[in-house]
Amino acid sequence: MLESEEGSDNLAKLSIIGAGAVGSTIAYTAMLNSSVNEIVLYDLDFERAQAEVDDIGHAAHLAGFTRIRTAKTLAETVQSDVVVITAGAKRKPGQTRLELLAINDSIVLGMIPEILEHSPDTKIVIVSNPCDVLATRAVIQHDLPANQVFSSGNVLDSSRLAWILAQRLSVSVRSVSAWVLGEHGDSQFPLWSQARIGGIPLLDFVGYGRIKQSELEEIAQQVRTAGASVIAGKGATNYGIGASTMAIVEAIVNDQNVVLPVARMLDDYLGVTGVALSAPTIVNASGAAKSLLVPMSDGEKQLFKSSSDAVRASVESLD
């Protein structure tokens, strides 16, 4: 266990289930940001988890003040403020997220009762894919509130969209405000009607000739396939999801009331009920507190409904 003399001002405890590329990067990002006071990393492969903890710990003197340790059992996640689940089968090149469903459903849903036994009030963020389907299943199967168990949704995809738009338009990525809504998967879509560049509607840039209408679908497809492209090149995605997951964790432990496109179970959101789907959502100490209605074009509303149908079909395939 590592602990500095200064310590972190935030006394929150973060437990991460899964010490693969994603889980270990989330842990490293939390340590660099001093986002929490304690990190627990759990994996069935204890030696792998211990090696990751040691490697991260070797940077603590230079970059962070967080305690980090390895857990041999889920009992050691006791009194966690947030539990992030990344465990599951790794997505292979050419494999869709939905093809992982049967395997990861058993893994993720199987551990949630034990997690809640030790940390009944914890907020659970599901990153394992297909994350929206797993979040939906977790809420239904374990009769849990939608604010407590939800998925990372399209926080990463929205960040990818901002990066691509910034490159296309030669502006700072911080000047881009754009959301990807719906499924974290093939049926996702950018909310073009509400995208802004420095406060200017993106579609006005189309009118100025800075970007062509025909490029919008090309960009949407680039975002949609970004994860598969990275996996094909290096075997896994980890940096983007590490940073986006920590944005969610920090919103919870610091009670930030940040609006993020996480996927919580919806209840009559644009007519959609009973599936977890990414929509602008207030994230604070209570978790995924409330989904906010956002103006959409008729076409975007239909895309949202189609995306909900895709997630629902996957959920029902396991019944």
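Our structure is the block above this text.
Every chain begins its residue count from 1, and numbering advances along the sequence as written. Two thresholds apply to this predicted model, a pLDDT of at least 70 for residue-level local features and 80 or more for giving and counting side-chain atom pairs, whereas whole-chain, interface and lining totals are computed over all residues. For side-chain calculations, the full set of non-hydrogen atoms in the structure is used, while hydrogens and water are omitted.

**Some points on the pairing of strand β2 (residues 38–42)**
- Burial analysis of β2 places five of its five residues in the buried class, which makes it a mostly covered element.
- A two-sided burial pattern is seen for β2, the buried positions comprising Glu 38, Val 40 and Tyr 42 on one face and Ile 39 and Leu 41 on the other.
- Alignment of strand β1 (residues 13–17) against β2, held across five bridges, turns out to be parallel. Residue pairing for β2: Ile 16 is matched across the bridge by Leu 41.
- Seen with its strands pointing away from the viewer, a crossover is right-handed when the path leading from the first strand over the helix to the second is clockwise. Starting at the N terminus, helices and strands are each numbered in turn, a helix being any DSSP run of H or I of at least four residues and a strand any DSSP run of E of at least two. Each parallel crossover has a hand, and the one from β1 via helix α1 (residues 21–33) to β2 is right-handed.
- DSSP bridges decide pairing: two strands pair if at least two such bridges lie between them. In this structure, β2 lies alongside strand β3 (residues 67–71), joined through five bridges in parallel fashion. Pairing of Tyr 42 across the sheet is with Ala 71, part of β3.
- Read as a crossover between parallel neighbours, the route from β2 over helix α2 (residues 46–63) to β3 is right-handed. Working definition: with a 1.4 Å probe on protein chains only, accessible area under 20% of the residue-type maximum means buried, over 50% means exposed, and in between means partly exposed.

**A few points about the side chain of Asn 284**
- By the secondary structure assignment, Asn 284 is in strand β15 (residues 281–284).
- Exposure remark for Asn 284: the relative accessible area of 11% places this residue in the buried category.
- A polar atom in the side chain of Asn 284 sits 2.6 Å from the side chain of Ser 286.
- Among all residues touching Asn 284, those that are not within four sequence positions of it are Ala 251, Ile 252, Asp 255, Gln 256, Asn 257 and Ala 289. Any N or O atom pair separated by 3.5 Å or less is treated as a polar contact, with the protein-specific requirement of one donor-capable and one acceptor-capable atom, and with residues adjacent in sequence counted only for side-chain atom pairs. Note on definitions: a residue-residue contact is assigned when non-hydrogen atoms from the two residues lie within 4.5 Å.

**Some words on the sheet that holds strand β10 (residues 196–197)**
- Pairing in this open sheet of three strands is antiparallel, and the strands run β7-β10-β11 from one edge to the other. Looking at which strands have only one partner, the edges of the open sheet turn out to be β7 (176–177) and β11 (200–201).
- Pairing of β7 with β10, which is carried by two bridges, proceeds in the antiparallel orientation. Looking across to β10, one finds that Val 176 is bridged to Ile 197.

**Here we look at the nonpolar core**
- In this description, a nonpolar core means a group of buried Ala, Val, Leu, Ile, Met, Phe, Trp, Tyr and Cys residues linked to one another through side-chain atoms lying within 4.5 Å. Ile 17, Ile 85, Ile 124 and Ile 126 are the most contacted members of the largest nonpolar core, which totals 43 residues.
- Contributing elements (two or more residues each) for this core: β2, β4 (82–85), α3 (101–118), β5 (123–126), α4 (131–142), β13 (263–265), β14 (276–278) and α10 (298–316).
- By residue number, the principal contributor to this core is α3, which donates seven residues.
- If we skip the residues at most four places from it in the chain, Ile 17 touches Tyr 42, Leu 74, Thr 77, Val 83, Val 84, Ile 85, Thr 86, Ala 87, Met 111 and Ile 115.

**A look at the sheet that holds strand β16 (residues 287–291)**
- One open sheet holds the three strands; their spatial order is β12-β15-β16, and the pairing between them is antiparallel. Two strands in the sheet have a free side with no partner beyond their single neighbour: β12 (258–260) and β16. The sheet shows a mean angle of 40° between the axes of neighbouring strands, direction not considered.
- For β15 and β16, the ladder comprises four bridges, and the chain directions are antiparallel. Among the inter-strand pairings, Asn 284 is bridged to a residue of β16, identified as Gly 287.
- Note on method: axes are straight lines fitted to C-alpha atoms, helices fitted across the in-contact stretch only, with angles between N-to-C directions ranging 0 to 180 degrees. Each of β12, β15 and β16 is contacted by helix α9 (residues 239–253), which is oriented at about 65° to β15, the strand it contacts most.

**Focus: the layout of surface pockets**
- Estimates place the volume of the largest pocket at around 770 Å³.
- Of the two site types, the cavity is a set of points on a 1 Å grid over the protein atoms alone where a 1.4 Å probe fits but cannot get out, and the pocket is an open set with protein on both sides within 12 Å along at least five of seven lines, each lined by residues with an atom within 4 Å of a point. Lining the largest pocket are 36 residues; nearest its centre among them are Thr 86, Ala 87, Gly 88, Ala 89 and Lys 90.
- Of all the secondary-structure elements, those providing two or more residues to the lining of the largest pocket are α1, α3, α5 (155–169) and α8 (226–234).
- Of the residues in the lining of the largest pocket, the class split is 18 nonpolar, 13 polar and five charged.
- In this structure, the second largest pocket occupies an estimated 370 Å³ of space. Grid points are joined across faces, edges and corners, and a volume is the space filled by probe spheres set on the points. When residues are grouped by polarity, Ala, Val, Leu, Ile, Met, Phe, Trp, Tyr, Cys and Pro land in nonpolar, Asp, Glu, Lys and Arg in charged, and all others, Gly among them, in polar.

Remember, this is a structural readout, not a statement about activity or role.
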